[in-house]
Amino acid sequence: MMDRQLVILYGSQTGTAMDLAKRIRKQGKLRHFSTSLLAMNDFPIHRLASTPLVVFVCSVTGQGDEPDNMKTFWRALRRRDLPAVLDDVQFAVLGIGDSSYQNFNITAIRLDRRLRKLGARPFVKIGLADESHDHGIDFVADPWIAQLMDTLMEKFPLPPGQEFSLQDETIQPSFNVHFLSEKPVENKSWSEKQMPRKSGLYDADHPFQATLISNKRATAEDHFQNVRFMKFDLASSGMSYAPGDTVNVFPKNLPEAVYELLTFLELDGDQLISLSINDEDFSLPPHCRLSNPCTIREAATNYWDFQGVPRKSFFELLTQIAQDEREKERLTEFASAAGANDLFDYCFRPRRNALEILQDFSDTAKRISLPYFFDLFPPIQARAFSIASSARYHKDELHLLVAVVEYKTKLHRPRKGLCSNWLASLQPGRPVPLWVKKGTIKFEQTKDKPVVMVGPGTGVAPFRSFIYERVSLAIGNSILFFGCRNKAKDFYFEEEWKVLQGEGFLTVLPPAFSRDQEEKVYVQDSIRKAGAVVVKALVEDEGFFYLAGSANSMPKEVEAALKTVLCQHADMKEEEALEYIKQLVSEGRYQTETWS
Ligand SMILES: Cc1cc2nc3c(=O)[nH]c(=O)nc-3n(C[C@H](O)[C@H](O)[C@H](O)COP(=O)(O)OP(=O)(O)OC[C@H]3O[C@@H](n4cnc5c(N)ncnc54)[C@H](O)[C@@H]3O)c2cc1C
Ligand SMILES: Cc1cc2nc3c(=O)[nH]c(=O)nc-3n(C[C@H](O)[C@H](O)[C@H](O)COP(=O)(O)O)c2cc1C
């Protein structure tokens, strides 16, 4: 009989696909498969041909891009000269995507296609989970994993005499936690230390501690939304960035949230602990994220994402720990496929966070031993923001325009975004761990051609960067469509635009103030009104079209408006206009950076 060896490889930007990969590993282990779990980049591609059973779980990021931790693997797999030698490989692919994005689950679809082309055989049909589905990714992922396990057991039954039981499931913690008696010598958290780094080379494991220069509200005090205009000092970093780039910021939990967690769990924040590996499939947190040893307060502040909405694995682990009959019954229901609706209503729809859930299951919460918190709470993830400044114009500064995330659900407390609220709370002088990442939008090709930019709300950020870059190079021909709610409340950079218009660098077409009159107007309406300008810039002068901001309906509405003006002012038929837009996209003359 073939070896019962199951390799599970994931590509995950913010941990969701990795979490599912872990769940698959657990199910495989229960069925006595010998499992290994790795990010795709950590798997040597030359071993693939001799790996009989591989499960891939991957998400999508950017505008249909692969997560960073599968990029190298994917590049190697796509090499044209790679021989089709995967005949001995059987595989299964589970994609995690969001159908509100244009390239729904594109990474998984491409991976599945490529593996087949190289001769590998799927043993379960590709699963495409959708985060936008009412019941979230589990609607597809749960039955897919169940089918995967059934198929595996059918194809690779247990040797005679061996049995498995789902009751056996005991999840071991990834790390051991050792209590140390000495207090830390240096009582400074990691975020105040600069990791030694060669000039300019920063990444998730080596962020730069940028000093905050200023943090001002960019919206009127009585406006419903708090948007911050933030300036950072990069003077000593050697860091450079280009228009269209983004920064990733590692946030922290605010002290009041940490206090609430530690008090509720009766944990001593000053207790010094050290971590060691308990499960070989996992590595210790990188030093820049959490020093080892650290205090429990540092773990709670810098590492544990206890204010995020938990994933299903959280409930699976709590089920194992629960002793109280009522709590165990409810948790078991939530962790089961049959309880998906209840879990959705209790947790996902109202966006209940991990701490609130622990407070609801207080008997279970009090039984959690310290090592398990490193499994229950995923590590805090970095958040992306478009750079709003030009390195050429603003020299050693980096600017961001950050909308502070706050919204209501049926829960009493408003929901608050972790990173934006943390950033909003910071006083000048504080260090912020960040690093630059290439954005999706590339402006390099534009030279002195006209550029049409559509940036409603904080979507204007990357265009401010590009406009100032052009100003530094003495290039005009920049046309901006901006939209917001009210002229007096959230018209970002109004004064700056006036100056640049006066100097002839910029044309700001009449902005769409959606709430300043009876009928709502948006950027797509402004585009329709200024159709002749847009068509001249694109068709006659062979210019570029850029769009940034909300991923909701705006990108589609803007595309529809562009199609309309092409028909009206360039005398195109509808199909011709669509074809023309496609051509713009393929030439890199129509680019978007959108986020939800
Ligand atoms: C490439 C890129 C560039 C970006 N540039 C900018 C920028 O320049 N400025 C900017 O402000 N943002 C920008 N964003 C968006 C920003 O990264 C997110 O808003 C980020 O989630 C904010 O982090 P947070 O920790 O405050 O919120 P989180 O804790 O991450 O919470 C945000 C999440 O809350 C949920 N949510 C938010 N509002 C609601 C609601 N009304 N109802 C239900 N659920 C909701 C959504 O799931 C959302 O993903 C960008 C994103 C990307 C990917
Ligand atoms: C910036 C960003 C871009 C995304 N782009 C896409 C996309 O193009 N297609 C898609 O299907 N899903 C897209 N998604 C949705 C992710 O695939 C989904 O959020 C997934 O759960 C993330 O999994 P991960 O945490 O493992 O990276 C995007 C999500 C983000 C935050």
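This structure is a prediction, so every number in the text was calculated from the model and none was measured.

**Considering the side chain of Glu316**
And step 1. Here Glu316 lies in helix H7 (residues 312-321).
And step 2. Ignoring any residue separated from it by four or fewer positions in sequence, one finds Glu316 in contact with Arg23, Lys26, Ile171 and Ala335.

**Observations regarding the domain arrangement of the protein chain**
And step 1. Domain annotation of the protein chain identifies domain 1 (5-162), domain 2 (176-258 + 379-439), domain 3 (312-376) and domain 4 (444-595).
And step 2. Taken together, the contacts link 4 residues of domain 1 with 6 residues of domain 4.
And step 3. Both sides of the domain 1 and domain 4 interface together cover about 430 Å² of buried area, and 32% of this is carbon and sulfur.
And step 4. Of all residues in domain 1, Gln63, Tyr101 and Gln102 bury the most surface against domain 4, accounting for 80% of the area lost on that side.
And step 5. Between the two partners, domain 1 and domain 4, sit 0 salt bridges.
And step 6. Here domain 1 and domain 4 share 2 residue pairs in polar contact (both at pLDDT 80 or more) between them.
And step 7. Along the lines of polarity and charge, the residues of the side of domain 1 that touches domain 4 split into 1 nonpolar, 3 polar and no charged.

**Some remarks on the pattern of salt bridges**
And step 1. According to the stated counting rule, one finds 30 salt bridges in the structure shown.
And step 2. A salt bridge links Arg79 to Asp81; its shortest N-O distance comes to 3.0 Å.
And step 3. Residue classification places Arg79 among the partly exposed residues on the basis of a relative accessible area of 43%.
And step 4. Taking relative accessible area as the criterion, Asp81 reaches 57% and is therefore assigned exposed.
And step 5. By sharing partners, the salt bridges in this structure join Arg23, Lys26, Asp138, Asp142, Lys312 and Glu316 into a single network.

**Regarding the sheet that holds strand E8 (residues 208-217)**
And step 1. Strand order across the open sheet formed by 6 strands is E13-E10-E17-E8-E9-E14, with antiparallel pairing between neighbours. In the strand order of this sheet, the two ends are held by strand E13 (383-386) and strand E14 (397-403), each with one partner. Geometrically, the sheet is characterised by an average inter-axis angle of 40° between neighbouring strands, direction not taken into account.
And step 2. Here 7 bridges tie strand E9 (residues 227-233) to E14, and the two strands are oriented antiparallel to one another. Its bridge partner lying in E14, Asp233 is registered against Glu397.

**Topic: the site of ligand 2**
And step 1. Taken together, 19 residues surround ligand 2, and among them Ser12, Gln13, Thr14, Ala17 and Glu131 come closest.
And step 2. The separation between an oxygen atom of ligand 2 and a polar main-chain atom of Ala17 is 2.7 Å.
And step 3. Here Asn105 contributes a backbone N or O atom positioned 2.7 Å from an oxygen atom of ligand 2.
And step 4. Protein chains shield 86% of the accessible area of ligand 2, which is 640 Å² for the free molecule.
And step 5. Put simply, the parts of the chain that give the shell around ligand 2 at least two residues each are helix H1 (16-30) and strand E4 (90-97).
And step 6. Within the shell around ligand 2, the residues separate by chemical class into 5 nonpolar, 12 polar and 2 charged.

**Describing the side chain of Asn421**
And step 1. Looking at the secondary structure, you find Asn421 in helix H14 (residues 418-425).
And step 2. A polar atom in the side chain of Asn421 sits 3.0 Å from the backbone oxygen of Val405.
And step 3. When residues no more than four places from it in sequence are discounted, the contact partners of Asn421 are Leu254, Val404, Val405 and Lys416.

**Focus on the UniProt feature "binding site: FAD" (unreviewed entry) in the protein chain**
And step 1. Mapped onto the present numbering, the UniProt feature "binding site: FAD" (unreviewed entry) falls on Arg351, Arg383, Ala384, Phe385, Ser386, Gly417, Leu418, Cys419, Ser420 and Trp595. The named residues occupy 245 residues along the chain; their greatest pairwise C-alpha distance, 25.6 Å, places them well apart from one another.
And step 2. Inspection of the secondary structure assignment puts Ser386 in strand E13.
And step 3. Owing to a relative accessible area of 10%, Ser386 belongs among the buried residues under this scheme.
And step 4. Contact partners of Ser386, with chain neighbours within four places excluded, come to Asp245, Thr246, His399, Leu400, Ala461, Pro462 and Trp595.

Procedures and definitions
Residues numbered from 1 in each chain as written. Chains lettered and ligands numbered in written order. Predicted model: local features only at pLDDT ≥ 70, side-chain atom pairs only at ≥ 80, totals over all residues. Heavy atoms only, no water. Helix = DSSP H or I, 4+ residues; strand = E, 2+ residues; numbered from the N terminus. Contact = heavy atoms within 4.5 Å. Domains from an automatic or database assignment. Buried area = accessible area lost by both parts, 1.4 Å probe. Salt bridge = Lys/Arg side-chain N within 4 Å of Asp/Glu carboxyl O. Polar contact = N/O pair within 3.5 Å; in protein donor to acceptor, adjacent residues only side chain to side chain. Nonpolar A, V, L, I, M, F, W, Y, C, P; charged D, E, K, R; others polar. Buried < 20%, exposed > 50% of the residue type's maximum accessible area, 1.4 Å probe, protein only. Pairing = 2+ DSSP bridges. Axes fitted to C-alpha atoms, helices over the stretch in contact; angles between N-to-C directions. Near = heavy atom within 4 Å. Areas by Shrake-Rupley, 256 points an atom, 1.4 Å probe, with all protein chains shown as cover. UniProt positions renumbered as here; feature names shortened; annotations may be inferred.

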